[in-house]
Amino acid sequence: MAKMAVTTPDGEQQIVREDTGKAYRGVIWALISIFAIAVIGLIMFFGSALLSATDDTPTQTPAQIEQKRQ
(Lines give C-alpha, C1' and ligand atoms only; values in the text may rest on other atoms or scores of the structure.)
Protein backbone atom coordinates (compact mmCIF):
# COMPACT_ATOMS: atom_id res chain seq x y z
CA MET A 1 0.00 0.00 0.00
CA ALA A 2 1.51 3.34 -1.07
CA LYS A 3 1.95 6.07 1.50
CA MET A 4 2.00 9.83 1.10
CA ALA A 5 2.86 12.78 3.36
CA VAL A 6 0.11 15.37 3.87
CA THR A 7 0.75 18.74 5.49
CA THR A 8 -2.12 19.78 7.76
CA PRO A 9 -3.11 23.44 8.28
CA ASP A 10 -1.17 23.32 11.57
CA GLY A 11 2.03 22.72 9.60
CA GLU A 12 2.28 19.14 10.84
CA GLN A 13 3.01 16.39 8.33
CA GLN A 14 1.12 13.14 8.56
CA ILE A 15 1.66 9.92 6.67
CA VAL A 16 -1.56 8.68 5.04
CA ARG A 17 -2.55 6.23 2.33
CA GLU A 18 -2.12 7.47 -1.23
CA ASP A 19 -5.85 7.60 -2.00
CA THR A 20 -6.53 9.59 1.17
CA GLY A 21 -3.75 12.01 0.30
CA LYS A 22 -5.08 12.53 -3.22
CA ALA A 23 -8.59 13.10 -1.87
CA TYR A 24 -7.23 15.65 0.63
CA ARG A 25 -5.37 17.53 -2.11
CA GLY A 26 -8.46 17.40 -4.35
CA VAL A 27 -10.62 18.97 -1.66
CA ILE A 28 -8.06 21.71 -1.03
CA TRP A 29 -7.82 22.53 -4.77
CA ALA A 30 -11.62 22.52 -5.09
CA LEU A 31 -11.97 25.01 -2.23
CA ILE A 32 -9.26 27.25 -3.69
CA SER A 33 -10.94 27.13 -7.11
CA ILE A 34 -14.38 27.98 -5.71
CA PHE A 35 -12.89 30.89 -3.75
CA ALA A 36 -11.07 32.17 -6.85
CA ILE A 37 -14.24 31.97 -8.97
CA ALA A 38 -16.19 33.84 -6.28
CA VAL A 39 -13.54 36.59 -6.10
CA ILE A 40 -13.45 36.97 -9.89
CA GLY A 41 -17.25 37.10 -10.00
CA LEU A 42 -17.35 39.79 -7.31
CA ILE A 43 -14.71 41.85 -9.11
CA MET A 44 -16.70 41.63 -12.35
CA PHE A 45 -19.99 42.48 -10.61
CA PHE A 46 -18.68 45.49 -8.71
CA GLY A 47 -16.62 46.62 -11.70
CA SER A 48 -19.66 46.69 -13.94
CA ALA A 49 -21.74 48.35 -11.20
CA LEU A 50 -19.08 51.04 -10.85
CA LEU A 51 -18.96 51.60 -14.61
CA SER A 52 -22.73 51.80 -14.73
CA ALA A 53 -22.87 54.25 -11.83
CA THR A 54 -20.28 56.56 -13.38
CA ASP A 55 -21.79 56.50 -16.89
CA ASP A 56 -22.97 59.99 -17.84
CA THR A 57 -25.21 58.99 -20.73
CA PRO A 58 -28.87 58.65 -19.78
CA THR A 59 -30.54 55.30 -20.19
CA GLN A 60 -32.93 55.18 -23.11
CA THR A 61 -36.15 53.26 -23.17
CA PRO A 62 -36.86 50.89 -26.06
CA ALA A 63 -39.53 53.35 -27.29
CA GLN A 64 -36.94 56.15 -27.54
CA ILE A 65 -34.53 53.90 -29.44
CA GLU A 66 -37.33 52.92 -31.84
CA GLN A 67 -38.24 56.59 -32.47
CA LYS A 68 -34.63 57.35 -33.41
CA ARG A 69 -34.60 54.51 -35.94
CA GLN A 70 -37.69 55.82 -37.80
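The structure this text deals with has already been given above.
Residues numbered from 1 in each chain as written. Predicted model: local features only at pLDDT ≥ 70, side-chain atom pairs only at ≥ 80, totals over all residues. Heavy atoms only, no water.

Novice: Help me understand the pattern of salt bridges, please; the structure alone is not making it clear to me.
Specialist: Close approach of charged atoms lets side chains of opposite charge pair. Scanning all chains against the criterion turns up 3 salt bridges. Arginine 17 is paired through a salt bridge with aspartate 19; the nearest N and O atoms lie 3.0 Å apart. Assessed through its relative accessible area of 39%, arginine 17 is described here as partly exposed. Notably, a salt bridge pairs glutamate 66 with arginine 69, separated by 3.8 Å at the nearest N-O pair. You can see glutamate 66 and its partner arginine 69 sitting in helix α2 (residues 62-69), 3 residues apart, about one turn around the helix. Relative accessible area serves as the criterion here: at 34%, glutamate 66 is assigned to the partly exposed category. (Salt bridge = Lys/Arg side-chain N within 4 Å of Asp/Glu carboxyl O. Buried < 20%, exposed > 50% of the residue type's maximum accessible area, 1.4 Å probe, protein only. Helix = DSSP H or I, 4+ residues; strand = E, 2+ residues; numbered from the N terminus.)

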